[in-house]
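For reference, the chains in residue letters:
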Amino acid sequence: MAKYKLLEKAFIDNRIYEPGEVVEVPDSVTPGPFMKPADAAAQKRAKEVGLVLGPMPDPVDQLTTIPRGAGLETIGASPQDVKSGMAAVAK
């Protein structure tokens, strides 16, 4: 059995655990990003699955946020020509 210290409130095996509590689960359980390994079995499993602790990134933010300092050409926007489209007709 692997032991994990919980970093946030969790519902595991029909019970609500508070942050800081240690939960013991079978070695085959895949730990979440809120489960810090507390013994050798948990550390081994965390390494096997590539566990990353902390909040999960928001995929919407990753797709819609332009990195600071990035120009529009970085995200694939084409330059605007004022003599094309409606701008050329509206004189």
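One can find the structure itself at the top, above this paragraph.
Fair warning: this is a prediction, and the values are worked out from it, not measured in the lab.

## What about the overall build of the protein?
Inference 1: Summing up its helical and strand segments, the protein has three helices and five strands in all.
Inference 2: Walking the protein from its N terminus toward its C terminus, one meets helices and strands in the order β-β-β-β-β-α-α-α.
Inference 3: For the protein, restricting intrachain contacts to residue pairs at least 6 apart in sequence, the fraction spanning at least 24 positions comes to 37%.
Inference 4: On the protein, roughly 7200 Å² of surface is accessible, and the fraction owed to carbon and sulfur atoms is 57%.

## Describing unusual backbone geometry
Peptide bonds are mostly trans, and most non-glycine residues show a negative phi.
Inference 1: In the Ramachandran plot, Asp 13 falls in the positive-phi region, its phi being about 50° despite a non-glycine side chain.
Inference 2: Tracing the backbone shows Asp 13 in the loop between β2 (10–12) and β3 (15–17).
Inference 3: In this structure Asp 13 comes out as exposed when scored by relative accessible area, which is 64%.
Inference 4: With a phi angle near 65°, Asn 14 is a residue other than glycine that sits in the positive phi range.
Inference 5: With respect to the helices, strands and loops of the structure, Asn 14 is situated in the loop between β2 and β3.

## Notes on the sheet that holds strand β4 (residues 22–25)
Inference 1: Spatially, the three strands line up as an open sheet ordered β4-β1-β5, and their pairing is antiparallel. The open sheet has two edge strands with one neighbour each: β4 and β5 (35–37). Taking each pair of neighbouring strands and ignoring which way they run, the sheet shows an average axis angle of 40°.
Inference 2: Those strands touched by helix α1 (residues 40–49) are β1 (2–6) and β5, and its axis lies near 80° from that of β1.

## What about the packing of aromatic side chains?
Inference 1: If you walk through the whole model with that rule in mind, you get zero aromatic pairs.
Inference 2: Its end group placed over the ring of Tyr 17, Arg 15 keeps NZ or CZ at 4.0 Å from the ring centre.

## Points about the pairing of β4
Inference 1: Every second residue of β4 is oriented toward a common face, the buried set being Val 23 and Val 25 and the non-buried set Val 22 and Glu 24.
Inference 2: Two elements, β1 and β4, share four bridges in a ladder whose sense is antiparallel. Across the sheet, residue Lys 5 finds its bridge partner in β4, namely Val 22.

## Some remarks on the side chain of Arg 45
Inference 1: Locating Arg 45 in the fold gives a position in helix α1.
Inference 2: We classify Arg 45 as buried; its relative accessible area is 18%.
Inference 3: Beyond its immediate chain neighbours, meaning those up to four positions away, Arg 45 contacts Tyr 4, Asp 27, Ser 28, Val 29, Thr 30 and Pro 31.

Scoring rules and cut-offs
Residues numbered from 1 in each chain as written. Predicted model: local features only at pLDDT ≥ 70, side-chain atom pairs only at ≥ 80, totals over all residues. Heavy atoms only, no water. Helix = DSSP H or I, 4+ residues; strand = E, 2+ residues; numbered from the N terminus. Contact = heavy atoms within 4.5 Å. Areas by Shrake-Rupley, 256 points an atom, 1.4 Å probe, with all protein chains shown as cover. Buried < 20%, exposed > 50% of the residue type's maximum accessible area, 1.4 Å probe, protein only. Pairing = 2+ DSSP bridges. Axes fitted to C-alpha atoms, helices over the stretch in contact; angles between N-to-C directions. Phe/Tyr/Trp six-rings, centres within 6.5 Å; stacked < 30°, edge-to-face > 60°. Lys NZ or Arg CZ within 6 Å of the ring centre and 35° of its normal.

In short, the description is geometric, and any link to function would need to be established separately.
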